[in-house]
Amino acid sequence: MNAPAIASESPATAATAAAIAVSSVSKWFDGSEGQSLLVLKDIDIQVPAQSILAILGASGCGKSTLLNIISGILRPDRGHVCINGIPSRDFQDWRSVSYMFQEDRLLPWRTALANVEFSLEAGKMPRAERRRRALEALQLVGLNGFEDAFPHQLSGGMRSRVALARSLVLDPCILLMDEPFSRLDAQTRSLMHQELLRIQQMKHMTIIFVTHDVEESVVLADRVVVLAPRPGRVREFVDIELDRPRDPTLPEVTRYIQRLRALL
Ligand SMILES: Nc1ncnc2c1ncn2[C@@H]1O[C@H](COP(=O)(O)OP(=O)(O)OP(=O)(O)O)[C@@H](O)[C@H]1O
Ligand SMILES: [Mg+2]
């Protein structure tokens, strides 16, 4: 890592009510010509428990990098992330944090059920219990009857549902999603939005999702953070103060969509 030398900052001492707190996070990558590339600069984001945050920004502005830092896959070069008030480097309960990657990453040689069970195989859970939970997760995303189908036998929307079931089977408190529905047609995407909101309400999850889709951010999120590019930094927070469900054709929803488009 090529971050300029600097005294490491200490994590926040005060406990925070936020499920996720990103404080003064900066990240450098090695550029192709050996130079240091500042990808994220001084990011501060608080995500209250049980709320939904959307991260919106142009391609390459650092959205996935930020999600990777929040998930603990990458370390920030400056600043820190706290999960439930615990600095991420000391956080132990990573099983309560699920990460749904942009590509579905299903194993082609396993059935839908076996793909979902896969999430549970790292632990010591008995086989019968794994199966019970995986069946429950598939049911939750409306895939009963497709347990024995292989990924190539499923539509894109169904594959997304399997990926969502695989994220949900661990019963996460926090769900991180990187453009989870970007490959779906508009109708399936809208269906998945409803499913996600229903499950979030039922399970009381905190969700951060990355999207390019302004409408998706307004329909789903409590708060949208717009990132500016090069280096990635917070341009603006927009709180979506509308009841759900949010019909994207309603004027009050369209106003938010227009406001966010103007910021991008
Ligand atoms: N491992 C890496 N090494 C060097 N540079 C990287 C690495 N990962 C990402 N980058 C660079 O960091 C910047 C941000 O990448 P990132 O994948 O976070 O963007 P993004 O906002 O998710 O883009 P997209 O919307 O296209 O998915 C880009 O310029 C990218 O080239
Ligand atoms: Mg990305």
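Details of the structure are given in the entry above.
Numbers given for residues are sequential positions, taken from 1 along each chain in its written order. Lettering for chains starts from A, numbering for ligands starts from 1, and both go in the order in which the items are written. In keeping with the model being predicted, local features are shown solely for residues with a pLDDT of at least 70 and side-chain atom pairs are shown and tallied solely at 80 or more, while totals for entire chains, interfaces and linings include all residues. Heavy atoms from the whole structure form the basis of all side-chain values; hydrogens and water molecules are not counted.

Enquirer: Kindly report on the overall build of the protein chain, identifying the contributing residues and their values.
Expert: In terms of regular secondary structure, the protein chain is built from seven helices and 10 strands. Computed over its C-alpha atoms, the radius of gyration of the protein chain comes to 19 Å, within 12% of the 18 Å expected for a compact globule of 264 residues. With the principal axes as the frame, the protein chain shows a C-alpha extent of 55 × 50 × 40 Å. Classification of residues uses two cut-offs on accessible area relative to the type maximum, computed with a 1.4 Å probe and protein chains only: under 20% is buried, over 50% is exposed, and between them is partly exposed. Within the protein chain, buried positions represent 51% of all 264 residues. Contacts were defined at the residue level, with two residues in contact if any of their heavy atoms lie within 4.5 Å. Sequence-distant contacts in the protein chain: of pairs separated by 6 or more residues, those separated by 24 or more amount to 68%. Each accessible area is a Shrake-Rupley result for a 1.4 Å probe, and residues are judged covered by the shown protein chains and nothing else. For the protein chain, the exposed surface amounts to about 13,000 Å²; the carbon and sulfur share of it is 50%. For the purpose of charge, His is not counted, nor are the chain termini; Lys and Arg are scored as positive and Asp and Glu as negative. In plain terms, the charge of a residue is placed at NZ if it is Lys, CZ if Arg, CG if Asp and CD if Glu. For the protein chain, the distance from the average site of its 31 positive side-chain charges to the average site of its 31 negative ones is 3 Å. The secondary structure listing takes helices from DSSP runs of H or I that are at least 4 residues long and strands from runs of E that are at least 2 residues long, numbered from the N terminus. Our radius of gyration is a C-alpha quantity, and the globule rule it is checked against amounts to 2.2 Å times the number of residues to the power 0.38.

Enquirer: Before we move on, can you summarise unusual backbone geometry with the specific residues and values?
Expert: The linkage connecting Arg230 with the following residue, Pro231, adopts the cis geometry, with an omega of -5°. Structurally, the position occupied by Pro231 is in the loop between β9 (223–228) and β10 (233–239). Cis rather than trans, the peptide bond between Arg244 and Pro245 has omega equal to 0°. The residue Asp171 is not glycine, and still its phi comes out positive at about 55°. Mapped onto the elements of the fold, Asp171 is located in the loop between α4 (156–168) and β7 (174–178).

Enquirer: Describe the sheet that holds strand β6 (residues 97–100), and please don't skip the residues or the numbers.
Expert: Strands qualify as paired when DSSP identifies two bridges or more between them. The strand order β6-β7-β8-β3-β9-β10 describes an open sheet built from six strands, whose pairing is mixed. Both outer strands of the open sheet, β6 and β10, are each paired with one neighbouring strand and no more. The average undirected angle you get between the axes of adjacent strands in this sheet is 15°. Pairing geometry for strand β3 (residues 52–57) and β9, over five bridges, is parallel. When the bridges of β9 are listed, Ala54 appears paired with Val224. Running at roughly 170° to β10, helix α7 (residues 251–263) makes contact with β3, β9 and β10 of the sheet. Here, axes are lines fitted to C-alpha atoms. For helices the fit covers the stretch in contact, and angles between N-to-C directions go from 0 to 180 degrees.

Enquirer: Kindly report on the packing of aromatic side chains, identifying the contributing residues and their values.
Expert: Pairing of aromatic side chains requires ring centres within 6.5 Å, counting the rings of Phe and Tyr and the six-membered ring of Trp. Pairs whose planes differ by under 30 degrees are stacked, by over 60 edge-to-face, and all others tilted. Inspection of the entire model under this criterion finds two aromatic pairs. Here Phe91 and Trp94 contribute two aromatic rings whose centre-to-centre distance is 5.0 Å and whose plane-to-plane angle is 80°, an arrangement assigned as edge-to-face. Judged by relative accessible area, which is 27%, Trp94 ranks as partly exposed. Geometrically, a charge over a ring is one whose NZ (Lys) or CZ (Arg) sits within 6 Å of the ring centre while staying within 35 degrees of the ring normal. Its guanidinium or amino end placed over the ring of Phe101, Arg105 lies 3.8 Å from that ring's centre, counting from NZ or CZ. Taking the ring centre of Phe237 as reference, the NZ or CZ of Arg223 above it sits at 4.5 Å.

Enquirer: Mind laying out the site of ligand 1, listing which residues take part and the relevant values?
Expert: To be near a molecule or strand, a residue needs just one of its heavy atoms within 4 Å of it. In the vicinity of ligand 1 there are 13 residues, among which Ser59, Gly60, Lys63, Ser64 and Thr65 approach most closely. Contact distances for ligand 1 include 2.5 Å between an oxygen atom and a side-chain N or O atom of Ser59. In this structure, Ser64 approaches ligand 1 through a side-chain N or O atom, which is 2.9 Å from an oxygen atom. Protein coverage of the free-state accessible area of ligand 1, which is 640 Å², stands at 60%. Listing elements by their share of the shell around ligand 1, those giving two or more residues are β1 (18–30) and α1 (63–70). Here the shell around ligand 1 gets three residues from one element, more than from any other, and that element is α1. Split into classes, the residues belonging to the shell around ligand 1 amount to four nonpolar, six polar and three charged. We call two N or O atoms a polar contact when they sit within 3.5 Å, provided that within protein one can donate a hydrogen and the other can accept it, with sequence-adjacent residues counted only if both atoms are side-chain atoms. Note on residue categories: nonpolar means Ala, Val, Leu, Ile, Met, Phe, Trp, Tyr, Cys or Pro, charged means Asp, Glu, Lys or Arg, and polar means any other residue, Gly included.

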